[in-house]
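Chain residues, written in single-letter form:
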Amino acid sequence: MKPVILFRGSIAEESEIQEANKHFPVVTQRAKVPPGSLVVGRYSVLPFYKELEEDLKVGGSRLINSYSQHLWIADLKEWYEDFKDITPKTWTTLSEIPDTGPFVLKGQTNSKKFNWNTHMFAKDKKEAIQVYSRLMDDGLISQQNVYIREYVPLKKLAEGLNGLQISEEYRFFILDGQVVSNGFYWSSHIDDLTVVPDPASVPQEFLDKIIQKIGKNARFVVVDIAHKADDTWTVVELNDGQNSGLSENDPGVLYSKMKKVLDFPVTSI
């Protein structure tokens, strides 16, 4: 199958579209996807992922991540069991958590991290109940399952609005078991830093463990990795590679390496 990038142009930066176009056919309408294509739906699969998958099947095409693979990535509860030894402890209901914290609360797919003090961080169970109540008033989060995670201190670099902790965190794009791009996560706070941390500091052994855990669960996955205050590493989040923003990933690197992986696959997932 020939790879094609299906962009939702209203969301993608023009620079990303230009870089993708150097290595792949690019379309911005599903009706223009050539028959028999392997489709990477950048910013274009939601909110009707399953419907898009079905529409593409009519022309003999398919998405790089199936709808079932997307569900494994998108819901923390689905991937948590595979990653629980390298990601913060997580509870699915308030009744399960201990009285002492601290905790962070998030939806199964989204969070309100930019309202850190009021809609994400809780110092104990009493505050967690209050944060949960506020999240239920949010139009997006209230439609999702809300999970409570153990707050793990990270290597702090700066502090944003509402107490948001800007930490040493990186975003890795992984395709078919290979890292195709990486970059500093907090692109919104680059100007606050004297030196931008280097994702090369993430140990290869840790990356190999992550890749092994992803396995055949999905082909194109974004992993957010953070450096903990105790000098160990943790997985903060998984995201579908089709939906995830670049952060500080270079689109030129991303699409050129994706091209190499898809042209010369090492494994079939």
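Residues numbered from 1 in each chain as written. Predicted model: local features only at pLDDT ≥ 70, side-chain atom pairs only at ≥ 80, totals over all residues. Heavy atoms only, no water.

S.K.: Sorry, what's going on with the pattern of salt bridges here?
M.R.: As a working rule, side chains carrying opposite charge can pair if their charged atoms are close by. Tallied over the full model, the rule gives 14 salt bridges. Close ionic contact of Lys106 with Glu237 constitutes a salt bridge, the shortest N to O distance being 3.1 Å. Note that Lys106 is positioned in strand 6 (residues 100-107) and Glu237 in strand 14 (residues 233-240), a separation of 131 residues in sequence. On the basis of relative accessible area, Glu237 is assigned to the buried category, the value being 11%. (Salt bridge = Lys/Arg side-chain N within 4 Å of Asp/Glu carboxyl O. Helix = DSSP H or I, 4+ residues; strand = E, 2+ residues; numbered from the N terminus. Buried < 20%, exposed > 50% of the residue type's maximum accessible area, 1.4 Å probe, protein only.)

S.K.: Help me understand the sheet that holds strand 2 (residues 26-27) in this model?
M.R.: The pairing of strands in a sheet comes from backbone hydrogen bonds and takes either a parallel or an antiparallel form. Strand order in the open sheet formed by four strands is 2-1-3-4, with parallel pairing between adjacent strands. Whereas interior strands pair on both sides, the edge strands pair on one side only; in this sheet they are strand 2 and strand 4 (62-63). Sheet analysis places strand 1 (residues 2-6) next to strand 3 (residues 37-40), joined by four bridges and oriented parallel. Across the sheet, the residue bridging to Ile5 is Val40, located in strand 3. (Pairing = 2+ DSSP bridges.)

S.K.: What is the right way to read helix 7 (residues 204-214) from this model?
M.R.: Because the α-helix completes a turn every 3.6 residues, residues three or four places apart line up on one side. Listed in full, the buried residues belonging to helix 7 are Phe206, Leu207, Ile210, Ile211, Lys213 and Ile214. Buried residues in helix 7, looked at end-on, bunch into an arc of 160 degrees, giving them a common side. Opposite its buried face, helix 7 presents the exposed residues Glu205 and Gln212, each directed more than 90 degrees away. Tucked inside the fold, the buried residues of helix 7 contact helix 3 (67-74), helix 4 (76-83), strand 11 (169-175), strand 12 (178-184), strand 13 (220-227) and strand 14. A positive backbone phi angle near 50 degrees is found at Gly215, which sits one or two residues after helix 7. (Arc of directions from axis to C-beta. Contact = heavy atoms within 4.5 Å.)

S.K.: What am I meant to see in unusual backbone geometry here?
M.R.: In this chain, Leu46 is followed by Pro47 through a cis amide linkage whose omega measures 10 degrees. Mapped onto the elements, Pro47 comes out in the loop between strand 3 and helix 2 (49-58). Cis rather than trans, the peptide bond between Gly101 and Pro102 has omega equal to 0 degrees. Looking at the secondary structure, you find Pro102 in strand 6. Phi is positive for Asp176, close to 50 degrees, though the residue is something other than glycine. Take Asp176: it is sitting in the loop between strand 11 and strand 12. Classification of Asp176 by relative accessible area gives buried; the value is 4%.

Honestly, it's all geometry; don't read function into it.
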